[in-house]
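# Examining the three-dimensional arrangement
Now for the letters of each chain:
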Amino acid sequence: MKQLEDKIREEGRALSDQVLKVDAFLNHQVDPVLMQAIGKEFAERFKDANIDRIVTLESSGIAPAMMTALEMGIPFVFARKRKSLTLQDDLVEADVYSFTKQETNRISLSRRFVLPGERVLIIDDFLANGEAALGLTQLVEAAGAKVAGVGIVIEKSFQPGRDKLIERGYRVESLARIAKLEKDHISFVEVAR
Ligand code: 5GP
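One numbering rule holds for all chains: residues counted from 1, following each sequence as written. Reporting of local features is limited, given that this is a predicted model, to residues whose pLDDT is at least 70; pairs of side-chain atoms are given and counted only at 80 or more, and all residues count toward the totals for whole chains, interfaces and linings. Side-chain measures here rest on the full set of heavy atoms in the structure, leaving out hydrogens and waters.

## What to know about the site of the ligand
Which entries qualify depends on this criterion: Only a single heavy atom is needed: when it lies within 4 Å of a molecule or strand, its residue is near that molecule or strand. Polar contact is the term for a pair of N or O atoms within 3.5 Å; when the atoms are in protein, one must be able to donate a hydrogen and the other to accept it, and sequence-neighboring residues count only if both atoms are side-chain atoms. Throughout, the Shrake-Rupley method with a 1.4 Å probe supplies accessible areas, and for residues the shown protein chains are the sole cover considered. We place a 1 Å grid over just the protein atoms. Points where a 1.4 Å probe fits but has no way out form a cavity, open points with protein on both sides within 12 Å along at least 5 of 7 lines form a pocket, and any residue with an atom within 4 Å of a point lines it. In this scheme, a molecule is assigned to a cavity or pocket if more than half of its atoms are within 2 Å of the grid points. The way it works is that DSSP assigns letters per residue, a run of H or I at least four long becomes a helix, a run of E at least two long becomes a strand, and they are numbered from the N terminus. Residue type decides the class: Asp, Glu, Lys and Arg count as charged, Ala, Val, Leu, Ile, Met, Phe, Trp, Tyr, Cys and Pro as nonpolar, and the leftover types, Gly among them, as polar.
Neighbouring residues of the ligand: 16 residues in total, closest Leu-20, Asn-129, Gly-130, Ala-132 and Lys-156. At 3.1 Å, a backbone N or O of Glu-131 approaches an oxygen atom of the ligand. Here an oxygen atom of the ligand sits 2.7 Å away from a polar atom, N or O, in the main chain of Ala-132. In the complex, 89% of the free accessible area of the ligand, which totals 500 Å², lies under the protein chains. Most atoms of the ligand, that is more than half of them, are within 2 Å of grid points of the largest pocket. Those elements that provide at least two residues to the shell around the ligand are strand E7 (119-127) and helix H4 (131-142). A per-element tally of the shell around the ligand places E7 first, with four residues. Classifying every residue of the shell around the ligand gives seven nonpolar, five polar and four charged.

## Some points on the side chain of Glu-118
Where we set the bar: In this analysis, two residues are considered to be in contact whenever any of their non-hydrogen atoms come within 4.5 Å of each other.
Locating Glu-118 in the fold gives a position in the loop between strand E6 (103-110) and E7. Here the side chain of Glu-118 touches Arg-53 through a polar contact of 2.6 Å, side chain to side chain. The contact partners of Glu-118, leaving out residues within four places of it in the chain, are Asp-52, Arg-53, Phe-113, Ala-145 and Lys-146.

## Quick look at the layout of surface pockets
The cut-off we apply is this: Grid points are joined across faces, edges and corners, and a volume is the space filled by probe spheres set on the points.
Its boundaries defined by the atoms lining it, the largest pocket holds a volume of some 870 Å³. Around the largest pocket, the lining comprises 34 residues; the ones closest to its centre are Lys-81, Ser-98, Thr-100, Lys-101 and Asp-125. Of all the secondary-structure elements, those providing two or more residues to the lining of the largest pocket are strand E2 (20-21), strand E5 (91-98), E6, E7 and H4. Of all the elements, E7 adds the most residues to the lining of the largest pocket, at four residues. Here the lining of the largest pocket is composed, by residue class, of 14 nonpolar, nine polar and eleven charged.

## So, the environment of Leu-136
Put simply, the rule is: Buried, partly exposed and exposed residues are distinguished by accessible area as a fraction of the type maximum, computed with a 1.4 Å probe on protein chains only: under 20%, between the cut-offs, and over 50%, respectively.
For Leu-136, the position within the fold is in helix H4. Take Leu-136: its relative accessible area is 0%, and that puts it in the buried class. C-alpha of Leu-136 to C-alpha of Asp-124: the two residues are twelve residues apart in sequence and 9.5 Å apart in space. Among residues more than four places away in sequence, those in contact with Leu-136 are Val-55, Thr-56, Leu-57, Ala-79, Ile-107 and Ile-122.

## Comments concerning the nonpolar core
Put simply, the rule is: The criterion is simple. A nonpolar core is a set of buried Ala, Val, Leu, Ile, Met, Phe, Trp, Tyr and Cys residues joined through side-chain atoms within 4.5 Å.
Leu-4, Ile-8, Leu-20, Ile-38 and Ile-154 are the most contacted members of the largest nonpolar core, which totals 32 residues. Where this core is concerned, the elements lending two or more residues are helix H1 (2-11), helix H2 (32-45), helix H3 (62-72), E7, strand E8 (146-156), strand E9 (172-182) and strand E10 (185-188). For Ile-8, the contacting residues outside a window of four places in its chain are Leu-20, Phe-25, Ile-154, Ala-176, Ile-186 and Phe-188.

## Considerations on the sheet that holds E7
Across a sheet, strands are paired by hydrogen bonds formed along the backbone, either parallel or antiparallel in direction. The criterion, for reference: Note on pairing: two strands pair once DSSP finds at least 2 bridges between them. Axes here mean lines fitted to C-alpha atoms, for a helix over just the part in contact, with angles spanning 0 to 180 degrees between N-to-C directions.
Spatially, the six strands line up as an open sheet ordered E4-E3-E7-E8-E9-E10, and their pairing is mixed. Here the strands that pair on one side only, and so sit at the sheet edges, are strand E4 (76-79) and E10. Here the strands of the sheet are splayed against their neighbours by 25° on average, with no regard to which way each runs. Where strand E3 (residues 53-57) meets E7, three bridges bridge the pair, whose relative direction is parallel. Opposite Val-55, over in E7, you have Ile-122 as the bridge partner. Against the sheet, H3 makes contact with E3, E4, E7 and E8, and its axis sits at roughly 175° relative to E3, the strand it touches most. Lying on the sheet, H4 is in contact with E3, E4, E7 and E8; it crosses E7 at an angle near 160°.

## Side note on the UniProt feature "binding site: 5-phospho-alpha-D-ribose 1-diphosphate" (unreviewed entry) in the protein chain
Applicable threshold: UniProt positions are given in the numbering used here, feature names are shortened, and annotations may be inferred rather than shown by experiment.
Taken from the UniProt record, the annotation "binding site: 5-phospho-alpha-D-ribose 1-diphosphate" (unreviewed entry) applies to Ala-128, Asn-129, Gly-130, Glu-131 and Ala-132. In the annotated set above, the residues contributing to the lining of the largest pocket are Ala-128, Asn-129, Gly-130, Glu-131 and Ala-132. Look at Glu-131 and you get partly exposed, because its relative accessible area is 32%. With sequence-adjacent residues up to four places away left out, Glu-131 is seen in contact with Val-96 and Tyr-97. When neighbours within four sequence positions are excluded, Ala-132 is seen to be in contact with Leu-57, Val-96 and Asp-124.

See below:
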């Protein structure tokens, strides 16, 4: 998605050859116009997938997931990283090791909001080693629903997440695919679309 790649080139910062900082438009400040375009792009790519619901992970998945859900006219729900006092029963849970925080979080989702038999689109901000996305697939499947696709805003294609998801049979659509991160140059995977 050219608009997203341009934004990453203009406002993204490579903290190392592994980590990209995009707090100017996705992870801290959020650009709503870009999020709307992202929502339209995911909706277009998954329009034939008969999606019933979107599942994401708090907090940075919420903005792109919500814009996609709005565009598709379906509900979305975000998995939580901490237990909430008001959200305790009927949870499905999975352990996710965080690439950026280097700690394990137990993520959870209420069975009330992902129903057996539903076709779910998982959306997340980044794909690195695939831990977060795989944790979300575990939650969706534990709730008895089917993962109909995984939509990623920024994929770091030099890390193994994409291959892990594809190996397990999931369809992955990433809007920006980073081939290489360097301090003053970010290169993208060339995709024929
Ligand atoms: P994974 O679970 O695929 O290893 O990593 C994905 C999660 O880690 C995303 O939900 C995102 O929050 C975070 N993450 C991974 N790599 C990066 C990165 O380069 N930049 C930022 N901002 N977050 C990242």
